[in-house]
Amino acid sequence: MAARVITNSEKTQQPMKKYLVSAAVLGAVLLAVNAKKNDPVLMTVNGRQVPLSEF
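Conventions used here
- Residues numbered from 1 in each chain as written.
- Predicted model: local features only at pLDDT ≥ 70, side-chain atom pairs only at ≥ 80, totals over all residues.
- Heavy atoms only, no water.
- Helix = DSSP H or I, 4+ residues; strand = E, 2+ residues; numbered from the N terminus.
- Buried < 20%, exposed > 50% of the residue type's maximum accessible area, 1.4 Å probe, protein only.
- Areas by Shrake-Rupley, 256 points an atom, 1.4 Å probe, with all protein chains shown as cover.
- Patch = residues over 30% accessible without salt bridge, like charges linked within 9 Å, V, L, I, M, F, W, Y side chains within 5 Å.
- Salt bridge = Lys/Arg side-chain N within 4 Å of Asp/Glu carboxyl O.
- Pairing = 2+ DSSP bridges.
- Contact = heavy atoms within 4.5 Å.
- pLDDT = per-residue confidence, 0-100.

Draft legend 1. Local environment of the overall build of the protein chain. If you tally the helices and strands in the protein chain, you get one helix and two strands. Its helices and strands taken in sequence order, the protein chain reads α-β-β from the N to the C terminus. Burial statistics for the protein chain: of 55 residues in total, 4% are counted as buried. Summing over all exposed atoms, the protein chain offers an accessible surface of approximately 5,300 Å²; the carbon and sulfur share of this is 63%.

Draft legend 2. Summary view of a nonpolar patch on the surface. A cluster of nonpolar side chains, namely Leu-42, Met-43, Val-45, Leu-52 and Phe-55, defines an oily patch on the protein surface of about 490 Å² accessible area. Summarising the element assignment, Leu-42 is placed in strand 1 (residues 41-45).

Draft legend 3. Here's a closer look at the pairing of strand 2 (residues 48-51). With four bridges connecting them, strand 1 and strand 2 associate as antiparallel partners. The residue of strand 2 that forms the bridge with Thr-44 is Gln-49. In this antiparallel pair of consecutive strands, strand 1 and strand 2, the connection spans two residues, and Asn-46 shows a positive phi of 50°.

Draft legend 4. Inspection of the pattern of salt bridges at higher detail. Taken as a whole and judged by the stated rule, the model has one salt bridge. In this structure, Arg-48 and Glu-54 form a salt bridge, with 3.4 Å as the shortest nitrogen-oxygen distance.

Draft legend 5. Structural detail: the environment of Phe-55. By the element assignment, Phe-55 lies in the segment after strand 2. For Phe-55, a relative accessible area of 66% gives the class exposed. Sequence separation between Phe-55 and Leu-42 is 13 residues, and the spatial gap between their C-alpha atoms is 9.6 Å. With residues near it in sequence (within four places) discarded, Phe-55 still touches Leu-42, Met-43 and Val-50.

Draft legend 6. Structural context of the confidence of the model for the protein chain. Overall, the predicted model of the protein chain reaches an average pLDDT of 82, with 82% of residues at or above 70. When pLDDT is averaged over each element of the protein chain, strand 1 comes out on top at 91 and helix 1 (residues 8-37) at the bottom at 83.

Draft legend 7. Local environment of the environment of Ser-53. Within the secondary structure, Ser-53 is located in the segment after strand 2. Note on Ser-53: relative accessible area 54%, which makes it exposed. When the C-alpha atoms of Ser-53 and Asn-38 are compared, they prove to be 10.0 Å apart, with 15 residues separating the residues in sequence.

Given below as structure tokens:
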């Protein structure tokens, strides 16, 4: 079998992909946490607050 030649661009793609995936996951987590904090109360029924996310 012939040896495979690894180019410089192939060496740099793997760490970059890991970085981009990590950044996307972190961004999704931050958006989810922020969405829970910013859930306004739409109305109160029998003393129970009903947030907008219930609709």
